[in-house]
Amino acid sequence: MSKAYKRMVVVGGGAAGWMTATALATAFPGSSVELVESEEIGIIGVGEATFPSIRNLHKLLDIDEADFLRATNGTYKLGIEFCNWRAHGERYFHTFGDFGALSGPLAVWGQHRRVADPALGPLGDQCLPSMMASQGRFQLPSDQANAFNYAYHFDAVLYAGFLRTLALKRGARRTEGRIVDVARRADGGVARLKLADGRTIDGDLFIDCSGFASLLLGRTLEEPFVDFSHWLPVDRAWACPAERTGTALAPYTRATALEAGWAWRIPLSNRTGHGHVFASRYIDEERARDQLLAQMDGEPLAEPRLLRFTTGHRERFWVHNVVALGLSSGFLEPLESTSIFLVQSGLGRLIELLQPGPAPTAQMVSAYNTSMARQFARIRDFILLHYCLTARRDSKLWRAMSTMELPETLAFKIHAWRQAGVLHQYDEEGFDATSWLAIHAGMDHWPDRADPSLRDMPPDTALRGLHLRRDQIASTVAAMPTHDDFLRGVLARRGLNN
Ligand SMILES: Cc1cc2nc3c(=O)[nH]c(=O)nc-3n(C[C@H](O)[C@H](O)[C@H](O)COP(=O)(O)OP(=O)(O)OC[C@H]3O[C@@H](n4cnc5c(N)ncnc54)[C@H](O)[C@@H]3O)c2cc1C
């Protein structure tokens, strides 16, 4: 580990803090990693749906899947079901699977549109995990033919606790206390933290995982906030857990578009997480709360909790000796479950830069900041795509979203798709071209002209190929266990650490 940062201090013990402490303690055994958290303040405790990259993190941290699922009441997630986004009564899946080739005569989506045979069903039937999701089935991906990606749902509070145990086992230290003051170095960086009981904590590198408080990067260093609320106007959420009903355990998150936002439904093994993310400029809090309660399919297990936020991020993420990860660095609405992914992404880059040798140069820090800012902007564009293609005009939110001036980067992508069927990708994309296709297709948004190369394949051949692909997917899925059965089998297995 870089000698310049002998003492690493993590501020905050939510998911971001404990992910960071575990990863640092694992990557740099024997180094000094101290995490400060305040039980009095607590953690946000939402953030129950994830992105497939979390499996890479778990692999690096040597986390056994069964142990993790058992400890966090976790379930498998194949993707997200979007209801009512284009129009009332319509639904589609964005899962972590593929639709075969994306361009040329073999492009599945292109031939599917060209032959337009209703017997083929929706394009989603050409995607293995979408078909699995729609039938409530799950099995781990096996070989090339059955390749797909998946993520998890979990209880965010239990997840932080699970990682805490792991981090402490690997040598991280935990200090309980409320930080009330921050002493600065001559160069503007942070020298030490002062706790309410008078103790002080010195450090060389401070990782700010203090949540929306953004104690170091925001409050102390006063790094400006890049506000995305012009494009992503949601700024509140009601969150509420509910009893699990007798219905089958869905292997996906559901996001249902409402009057002034959308509602999430996240199935855990013991309960269901519900929430309503909304724009307070279009609906009052009480009405939004009622809409959440009307969406819930089980008895509430607690009073709904209101959370307030602004979408966007700090201009820079690493300033002096402070690096912010998690909500302290920024937040995009949780539509595509990308917050924990962004923590992981920042953390991975940070660990690379902390490898033994000289301290990261100013250029390296600047490249880190540019890269994180780009990732936020790319994901912002992807989330915005879900809204701006809507055909809904039934409320102020949807009318505003359908007519808004888009960021140039997104406007260009939409133009490239509409004009030429090209799924343009920039650097630092969080979502690949297949994911973009899933949203375009789900929102019934297609290029103006068909790719002439599609005609290289006779229509009969194309039709036969699509029926074959769909039938093969259907028979593979029919042989899979239900999500409930599969999960039960995994939970019954003892993990490596048991
Ligand atoms: C409505 C909503 C839904 C979300 N859904 C998802 C989702 O589905 N998927 C996803 O990936 N993400 C989601 N997120 C984001 C996710 O919740 C967070 O990214 C994740 O939980 C990490 O939070 P955190 O660790 O940054 O902050 P927190 O969990 O808030 O932790 C902050 C820590 O800092 C400590 N702290 C703060 N001030 C002090 C102080 N003065 N002294 C000492 N300690 C202090 C607190 O005690 C706490 O330990 C959602 C967020 C919201 C708001």
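No experiment lies behind these values; they were computed from the predicted model shown. Note that residues are indexed from 1 along each chain, following the sequence as it is written. With the structure being a predicted model, the display of local features is reserved for residues of pLDDT at least 70 and the display and counting of side-chain atom pairs for 80 or more, all residues being used for whole-chain, interface and lining totals. Calculation of side-chain values draws on the structure's entire complement of heavy atoms; hydrogens and water are dropped beforehand.

Remarks on the UniProt feature "binding site: L-tryptophan" (unreviewed entry) in the chain
So the rule is basically this: UniProt positions are given in the numbering used here, feature names are shortened, and annotations may be inferred rather than shown by experiment. The contact definition used throughout considers only heavy atoms, calling two residues in contact when any of these lie within 4.5 Å.
Here the UniProt-annotated "binding site: L-tryptophan" (unreviewed entry) positions come out as E336. When near neighbours in sequence (up to four residues on either side) are disregarded, E336 contacts F51, I80, F82, H94, F382, H386, F431 and I439.

A closer look at the sheet that holds strand β8 (residues 179-184)
Short version of the rule: Any two strands between which DSSP finds at least two bridges are classified as paired. Strands here mean DSSP runs of E at least two residues long; helices mean DSSP runs of H or I at least four residues long; both are numbered from the N terminus. Note on method: axes are straight lines fitted to C-alpha atoms, helices fitted across the in-contact stretch only, with angles between N-to-C directions ranging 0 to 180 degrees.
Overall, antiparallel pairing links the three strands, which are arranged β8-β9-β10 in an open sheet. In the strand order of this sheet, the two ends are held by β8 and β10 (200-202), each with one partner. Strand-to-strand, the axes of this sheet are offset by a mean angle of 20°, without reference to chain direction. Summarising the sheet, strand β9 (residues 190-195) and β10 pair through three bridges and their orientation is antiparallel. Residue pairing in the sheet places L193 in a bridge with I201 of β10.

Observations regarding the nonpolar core
Spelled out, the test is: To define a nonpolar core, start from buried Ala, Val, Leu, Ile, Met, Phe, Trp, Tyr and Cys residues and group those joined through side-chain atoms within 4.5 Å. Per-residue accessibility, obtained with a 1.4 Å probe over protein chains only, is compared with the maximum for each type, and a residue is labelled buried under 20%, exposed over 50%, and partly exposed between these values.
Judged by nonpolar contacts, the single largest core of 131 residues is most densely connected at L24, Y76, W85 and Y387. Among the elements that line this core, the one with the most residues is helix α10 (residues 362-388), at eleven residues.

Details of the pattern of salt bridges
Two side chains bearing opposite charge may form a pair once their charged atoms approach each other closely. Formally: For this document, the term salt bridge refers to a Lys or Arg side-chain nitrogen within 4 Å of an Asp or Glu carboxyl oxygen.
The final tally for this structure, using the stated rule, is 33 salt bridges. Between E176 and R174 there is a salt bridge; the shortest N-O distance is 3.2 Å. For E176, a relative accessible area of 30% translates into the label partly exposed. The exposure class of R174 is partly exposed, given its relative accessible area of 27%. For the salt bridge of D427 with R374, the shortest nitrogen-to-oxygen distance reads 3.0 Å. With D427 in the loop between α12 (408-420) and α13 (433-442) and R374 in helix α10, the pair connects residues that are 53 residues apart, well separated along the chain. Taking the relative accessible area as the measure of exposure, R374 reaches 34% and is therefore partly exposed. Ionic contacts of the salt-bridge type, sharing partners, join the residues E37, E39, R164, R174 and E176 into one network.

Some details on the UniProt feature "binding site: FAD" (unreviewed entry) in the chain
The positions UniProt marks with the feature "binding site: FAD" (unreviewed entry) are G13, G14, A15, A16, L327 and I340. In three dimensions, the annotated residues from a span of 328 residues occupy one location, with a maximal C-alpha spread of 13.9 Å. Counting through the fold element by element, A16 comes out in helix α1 (residues 15-27). Setting aside residues no more than four positions away along its own chain, A16 makes contact with C209, L325, G326 and V343. Mapped onto the fold, I340 is located in helix α9 (residues 339-353). On the basis of relative accessible area, I340 is assigned to the buried category, the value being 11%. Apart from the residues lying within four places of it in its own chain, the contact partners of I340 are M19, G47, T50, I54 and F154.

Some details on the site of the ligand
We apply this condition: Any residue with a non-hydrogen atom lying within 4 Å of a molecule or strand is treated as near it. Polar contacts, as counted here, are pairs of nitrogen or oxygen atoms within 3.5 Å of one another; within protein the pair requires one atom able to donate a hydrogen and one able to accept it, and residues that are adjacent in sequence qualify only if both atoms are side-chain atoms. Accessible surface is estimated by sampling points in the Shrake-Rupley manner with a 1.4 Å probe; for residues, cover comes only from the protein chains shown. Amino acids are sorted into nonpolar (Ala, Val, Leu, Ile, Met, Phe, Trp, Tyr, Cys and Pro), charged (Asp, Glu, Lys and Arg) and polar (every other residue, Gly among them).
Within the structure, the ligand sits among 32 residues, and G13, V46, A49, I179 and L327 are positioned closest to it. Interatomic distance of 3.0 Å between a backbone N/O atom of G42 and an oxygen atom of the ligand. Contact distances for the ligand include 2.9 Å between a nitrogen atom and a backbone N or O atom of I179. Burial of the ligand by the protein chains amounts to 96% of its free accessible area of 1000 Å². Contributions of two or more residues to the shell around the ligand are made by α1 and α9. The class makeup of the residues in the shell around the ligand is 17 nonpolar, twelve polar and three charged.

A look at the environment of T26
Here T26 is to be found in helix α1. Between the C-alpha atoms of T26 and S2, which are 24 residues apart in sequence, the distance is 15 Å. Residues within four places of T26 in sequence aside, it is in contact with L60, L61 and R170. A distance of 3.1 Å separates the side chain of T26 from the side chain of R170, its partner in a polar contact.

Let's talk about the packing of helix α3 (residues 65-72) against helix α15 (residues 483-492)
What counts here: Note that the term roughly parallel is reserved for angles under 35 degrees, roughly antiparallel for angles over 145, roughly perpendicular for angles of 65 to 115, and oblique for everything else.
Between α3 and α15, the least distance of the axes is 8 Å, while the angle of their chain directions is 105°. Overall, the two elements α3 and α15 adopt an arrangement that is roughly perpendicular. Of the residues in α15, those in contact with A66, L69 and R70 of α3 are L487, V490 and L491.

Description of α3
Counting buried positions along α3 gives six out of eight residues, so the element sits mostly inside the fold. Where α3 is concerned, the buried positions are E65, A66, D67, F68, L69 and T72. Contacts made by the buried residues of α3 are with α2 (54-60), β3 (75-77), β6 (151-153), α6 (156-169) and α15. A distance of 3.1 Å separates the backbone nitrogen of A66 from a side-chain oxygen at the start of α3, and that oxygen is part of D64. Just downstream of α3, N73 is the residue with a positive phi angle, here 55°.

Regarding the layout of surface pockets
Note the threshold: Here a cavity denotes a set of grid points, spaced 1 Å apart and computed over the protein atoms alone, in which a 1.4 Å probe fits but from which it cannot get out, and a pocket denotes an open set meeting protein on both sides within 12 Å along at least five of seven lines; residues with an atom within 4 Å of a point are reported as lining. Grid points are joined across faces, edges and corners, and a volume is the space filled by probe spheres set on the points.
If you add up the space inside the second largest pocket, you get close to 550 Å³. Elements represented by at least two residues in the lining of the second largest pocket include exactly β5 (91-95), α4 (108-115), α5 (128-134) and α13. Within the lining of the second largest pocket, the residues separate by chemical class into twelve nonpolar, six polar and seven charged.

Describing the packing of aromatic side chains
Ring pairs (aromatic) are described by centroid distance and by the angle formed between their planes. Rules: Each Phe, Tyr or Trp ring, with Trp reduced to its six-membered ring, pairs with another whose centre is within 6.5 Å; inter-plane angles below 30 degrees give stacked pairs, above 60 give edge-to-face pairs, and intermediate values give tilted ones.
Inspection of every chain in the model, using the stated rule, returns 33 aromatic pairs. When the ring of F68 is compared with that of Y159, the centres are 5.9 Å apart and the planes differ by 80°; the resulting orientation is edge-to-face. Note that F68 is positioned in helix α3 and Y159 in helix α6, a separation of 91 residues in sequence. For the ring pair F382 and F431, a centre distance of 4.1 Å and an interplane angle of 20° mean the geometry is stacked. Of this pair, F382 sits in helix α10 while F431 sits in the loop between α12 and α13, placing them 49 residues apart in sequence.

Topic: the side chain of S345
Tracing the backbone shows S345 in helix α9. By relative accessible area, S345 is classed as buried at 12%. A distance of 2.8 Å separates polar atoms of two side chains, one belonging to S345 and the other to Q375. Setting aside residues no more than four positions away along its own chain, S345 makes contact with M372 and Q375.

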